[in-house]
Amino acid sequence: MGSLRMSSFQLVPQVYTHSILSKTRVICSLRTQKSLVRALATQASSSSSSAKMVKGIRVYEHGGPEVLKWEDVEVGEPKEGEVRVKNKAIGLNFIDVYFRKGIYKTPSIPYIPGVEACGVVTAVGPGLTGRQVGDVVAFAGGATGSYVEEQILPANKVVPVPPSIDPTVAASLLLKGMTAQFLLRRCFKVEPGHTILVHAAAGGVGSLLCQWANALGATVIGTVSTKEKAAQAKEDGCHHVIINKEEDFVARVTEITSGNGVEVVYDSVGKDTFEGSLTCLKSRGYMVSFGQSSGAPDPVPLSALSVKSLFLTRPSLFHYTATRDELLETAGEVFASVDAGILRVRVNHTYSLSEAALAHSDLENRKTSGSVVLIP
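These figures come from a predicted structure and were not determined experimentally.

Student: Before we move on, can you summarise the environment of Val372 with the specific residues and values?
Tutor: Along the chain, the position of Val372 falls in strand β15 (residues 371-375). The class for Val372 is buried, based on a relative accessible area of 2%.

Here you go:
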């Protein structure tokens with residue numbers, strides 16, 4: 001019994017010690033958690049203090065122009081390889097409509113629309129060279145996000161804007177101009193003596209295609225929707241203008257080319273013109289489909305191409321400016337063509353950024369011609 005009592009007595013301090021240690025661990029754990037919470041709060045406060053609120057457009061669901069919401073947007077500090085740019089002008093493009101409707105997919109929703117803008121660098125990321133605060137830069141293509149007063153951009157995706165180019169012109173020109181450049185110079189190389197057909201000839205890209213192709217020595221046939229747009233297309237270098245509402249463009253092209261057809265068709269309209277465009281091509285002609293403002297074209301059997309050994313392509317600017325060198329070369333040729341007087345940029349319509357919904361509506365209803373720009 002004595003030994004039992006001794007054994008019981010020895011257990012008491014062990015249990016007591018274990019209890020003390022457990023409480024100590026709990027207290028230490030709580031202190032650690034409190035320290036972590038304070039650290040996170042400090043970090044969040046620091047991050048919040050380095051960010052600021054600007055105005056912009058955000059889309060929460062696909063749909064009509066009404067889904068473009070004007071609201072506060074947070075913009076932070078640029079990280080390594082990034083710059084922060086205060087937008088002076090934002091280009092409106094039909095691709096913005098495709099994203100808004102869900103025809104083209106964004107990585108996530110909600111998202112900020114817009115793929116083109118020109119502005120001034122307000123901050124550069126750590127260790128970045130070749131860019132500095134005050135530089136005037138533009139960007140086009142890649143991720144969406146330009147419908148804001150200020151934004152963070154990858155430094156390797158912006159291009160320097162020459163002093164001779166106004167920011168409003170740069171924002172209205174870069175995406176459309178680079179599109180015209182790769183369509184005419186690389187997708188199909190237009191040369192003197194070629195006859196080409198440009199649909200939506202008075203549109204943002206169509207206007208530039210007509211001017212540039214004319215300068216390259218091609219005979220340009222353009223289609224438009226109104227007499228007013230026909231007059232503009234004529235000014236832009238169209239030798240023959242077809243008003244779709246009044247004439248059958250296939251019959252007119254056949255007449256103009258004496259039944260020979262055209263070397264290439266540049267079609268951004270899609271469903272309403274696609275089949276007729278194939279008919280307008282001569283043997284071994286190129287069908288370049290780069291948009292679908294009237295909807296996606298119906299599927300085309302390969303046998304439809306074999307009749308005249310036609311070529312069909314659905315190109316994207318992003319694949320023609322995939323490298324930094326390609327981007328700089330393409331943008332440089334566009335800006336040089338403006339300075340040389342080859343390209344005349346028509347910024348026919350400007351809207352406040354807060355009026356983006358109205359601008360989208362007017363663009364879709366063909367109430368605009370030339371380029372459209374949003375001003376923050």
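Student: Just give me the short version of the sheet that holds strand β11 (residues 262-267), but keep the residues and values in it.
Tutor: What links the strands of a sheet is backbone hydrogen bonding, and the strands pair in either a parallel or an antiparallel sense. With respect to topology, 6 strands assemble into an open sheet ordered β10-β9-β8-β11-β12-β13, the strand pairing being parallel. Pairing within the sheet leaves two strands with one partner each, and these edge strands are β10 (240-243) and β13 (311-313). Looking at each pair of strands side by side, their axes are set apart by 15° on average, direction ignored. Pairing analysis gives 3 bridges linking strand β8 (residues 195-198) to β11, with the strands arranged parallel. Its bridge partner lying in β11, Leu197 is registered against Val265. Taken strand by strand, helix α4 (residues 204-215) contacts β8, β9 (219-224) and β11, and its axis lies near 170° from that of β8.

Student: Quick rundown of the layout of surface pockets? Include the residues and the values.
Tutor: Estimated volume of the largest pocket: approximately 1,100 Å³. Taken together, 45 residues form the lining of the largest pocket, with Phe94, Tyr98, Ser268, Phe290 and Ser293 sitting closest to its centre. Where the lining of the largest pocket is concerned, the elements lending two or more residues are α2 (94-101), α3 (167-187), α4, β9, α9 (317-320) and α11 (356-364). Residues that form the lining of the largest pocket fall into these classes: 21 nonpolar, 18 polar and 6 charged. Its volume calculated, the second largest pocket comes out at about 430 Å³. Glu74, Ile112, Thr144, Gln151 and Ile152 are the residues nearest the centre of the second largest pocket, which is lined by 22 residues in total.

Rules used in this analysis
Residues numbered from 1 in each chain as written. Predicted model: local features only at pLDDT ≥ 70, side-chain atom pairs only at ≥ 80, totals over all residues. Heavy atoms only, no water. Helix = DSSP H or I, 4+ residues; strand = E, 2+ residues; numbered from the N terminus. Buried < 20%, exposed > 50% of the residue type's maximum accessible area, 1.4 Å probe, protein only. Pairing = 2+ DSSP bridges. Axes fitted to C-alpha atoms, helices over the stretch in contact; angles between N-to-C directions. Contact = heavy atoms within 4.5 Å. 1 Å grid on protein atoms, 1.4 Å probe; cavity = no way out; pocket = protein on both sides within 12 Å on 5 of 7 lines; lining within 4 Å. Points joined across faces, edges and corners; volume = space filled by probe spheres on them. Nonpolar A, V, L, I, M, F, W, Y, C, P; charged D, E, K, R; others polar.

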